[in-house]
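Below, each chain spelled out in residue letters.
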Amino acid sequence: MFSAVLDMFSVFSSSTVSVGLQNSVTMLPSFIWFFLLAAAVAVPAQEKRIHHQADLSDRAHDDAHGFQYDHEAFLGKEEAKTFDQLSPEESKARLAKIVDRIDTDKDGYISHAELHYWIRHRQRRYIEENVNKHWHDYDKNQDDRIGWEEYKNTTYGYYLGEEFDDVEDKATYKSMLTRDERRFKAADRDRDGVATREEFTAFLHPEEFDHMRDVVVQETVEDIDKDGDGKINLNEYIGDMFSPEDGESEPDWVQTERKHFSEFRDTNKDGYLDGSEVAHWILPGEVDHADNEAKHLIHETDTDKDEKITKKEVLANWNMFVGSQATNYGEDLTRRHDEL
């Protein structure tokens with residue numbers, strides 16, 4: 001199991017380029033996080049708790065100079081590279097099939113909600129691929145679901161028979177088991193004791209799901225709250241980010257964080273961060289890039305202005321949604337001309 005944990009970490013680490021290590025490591029199940037705690041040093045200390053929403057592309061969103069941002073937003077970065085190698089005919093043929101997949105209610109139209117869901121799905125694909133890769137480690141009876149008992153026995157089974165008596169830090173392991181069970185139950189929305197792939201994804205990546213916000217907040221408070229009063233005071237807040245060596249003075253960023261605590265984080269000025277204040281800190285309300293992109297694509301291609309698009313309207317503007325060798329060559333020429 002430990003080798004599988006290390007393999008899982010290698011995948012999570014490689015997929016954190018745009019969102020930071022904090023989003024895919026600090027929210028791992030407790031048993032995995034226990035082994036990987038040292039990896040957090042790769043993240044700026046003052047950023048490691050904050051779950052930022054990644055942009056859809058590293059490209060500039062400027063349609064006058066090409067549609068690469070839209071391609072990566074609509075397809076995902078890796079799939080956009082594949083389409084770049086296709087001919088226009090192949091791109092349009094594949095796009096037509098994608099349109100059928102997006103139109104989930106099969107009414108012949110792509111609504112904003114359907115397009116928004118599709119874009120979010122494509123941006124979460126690396127998470128879903130990771131879950132699928134490790135699914136067999138936990139789905140022991142191969143029924144395409146993972147029960148709590150399957151997860152518990154696979155992760156902690158070696159120690160459970162003796163109630164962790166052979167473990168040096170018995171209390172820590174018991175705490176991790178309790179924490180994982182609580183998160184599993186929160187992810188198990190129908191309360192049947194087993195997780196579908198979607199529910200297991202919420203268990204592994206709770207920061208990606210609105211209904212898991214309370215779990216993310218609770219786990220963060222427990223990580224930082226050393227005196228166990230259910231709140232975070234200034235010393236605990238700073239201590240989570242910075243532990244000075246003997247004689248070491250505080251860096252400027254630590255002094256800035258002290259000010260942030262009192263001026264911005266502690267909104268009711270009682271000297272502590274409660275759950276709602278922690279939520280505001282680690283899960284900041286940010287722009288929904290997928291929502292904006294869905295609105296943009298519909299606005300640009302909805303010729304009859306009924307606020308939804310047909311396959312005909314999509315294919316008429318196919319080069320906005322997907323690329324090809326021909327369109328990318330044309331975009332490159334445009335950029336070179338502008339540079340000259």
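Residues numbered from 1 in each chain as written. Predicted model: local features only at pLDDT ≥ 70, side-chain atom pairs only at ≥ 80, totals over all residues. Heavy atoms only, no water.

### Structural notes on the packing of helix α4 (residues 68-75) against helix α16 (residues 289-301)
Between two packed helices, what matters for the description is the angle formed by their axes and the separation of those axes. Rule in force here: Here, axes are lines fitted to C-alpha atoms. For helices the fit covers the stretch in contact, and angles between N-to-C directions go from 0 to 180 degrees. Under the scheme used here, helices are H or I runs from DSSP no shorter than 4 residues and strands are E runs no shorter than 2 residues, and both carry numbers assigned from the N terminus. When the near helix sits turned anticlockwise from the far one by under a right angle, the crossing is termed left-handed; a clockwise turn instead gives a right-handed crossing. Note on definitions: a residue-residue contact is assigned when non-hydrogen atoms from the two residues lie within 4.5 Å. Each residue is assigned to one class: nonpolar for Ala, Val, Leu, Ile, Met, Phe, Trp, Tyr, Cys and Pro, charged for Asp, Glu, Lys and Arg, and polar for all the others, Gly among them.
Closest axis-to-axis distance for the α4/α16 pair is 11 Å, and the angle between their directions is 115°. Considering the relative orientation of α4 and α16, their crossing is left-handed. For the pair formed by α4 and α16, the contact residues are Tyr 69, Asp 70, Ala 73 and Phe 74 on the first element and Glu 293, His 296 and Leu 297 on the second. Of the residues belonging to the contact of α4 with α16, the class tally is four nonpolar, one polar and two charged.

### Quick word on unusual backbone geometry
Applicable threshold: The buried label applies to any residue whose accessible area, calculated with a 1.4 Å probe on protein chains only, is under 20% of its type's maximum; exposed applies above 50%, and partly exposed to all values in between.
One non-glycine residue, Lys 106, lies in positive phi territory at about 55°. With respect to the helices and strands, the residue Lys 106 is situated in the loop between α6 (88-102) and α7 (112-123). A positive phi angle is found at Gln 142, which is not glycine, with a value near 55°. Here Gln 142 is to be found in the loop between α8 (125-138) and β1 (146-147). Gln 142 gets classed as exposed once you look at its relative accessible area, which sits at 71%.

### Regarding helix α5 (residues 77-84)
Counted only if it meets this: Directions are taken from the helix axis to each C-beta atom, and the arc is the one they span.
The complete set of buried residues in α5 reads Ala 80, Phe 83 and Asp 84. Projection of α5 onto a plane perpendicular to its axis shows the buried side chains occupying an angular sector of 105°, all on one side.

### Overview of the pattern of salt bridges
The cut-off we apply is this: Whenever Lys or Arg places a side-chain nitrogen within 4 Å of a carboxyl oxygen from Asp or Glu, that contact is recorded as a salt bridge.
In this structure the tally under the stated criterion is 22 salt bridges. In this structure, Lys 48 and Asp 240 form a salt bridge, with 3.8 Å as the shortest nitrogen-oxygen distance. Note that Lys 48 is positioned in the loop between α3 (30-36) and α4 and Asp 240 in the loop between α13 (234-239) and α14 (252-265), a separation of 192 residues in sequence. Like Asp 240, Lys 48 is buried. Taking the shortest distance from any N to any O, the salt bridge between Arg 125 and Glu 79 comes out at 3.7 Å. Note that Arg 125 is positioned in helix α8 and Glu 79 in helix α5, a separation of 46 residues in sequence. Residue classification places Glu 79 among the partly exposed residues on the basis of a relative accessible area of 23%. Residues participating in the shared-partner salt-bridge network are Lys 48, Arg 49, Arg 179, Arg 183, Glu 219, Asp 223 and Asp 240.

Function cannot be read off these values alone, since they describe shape.
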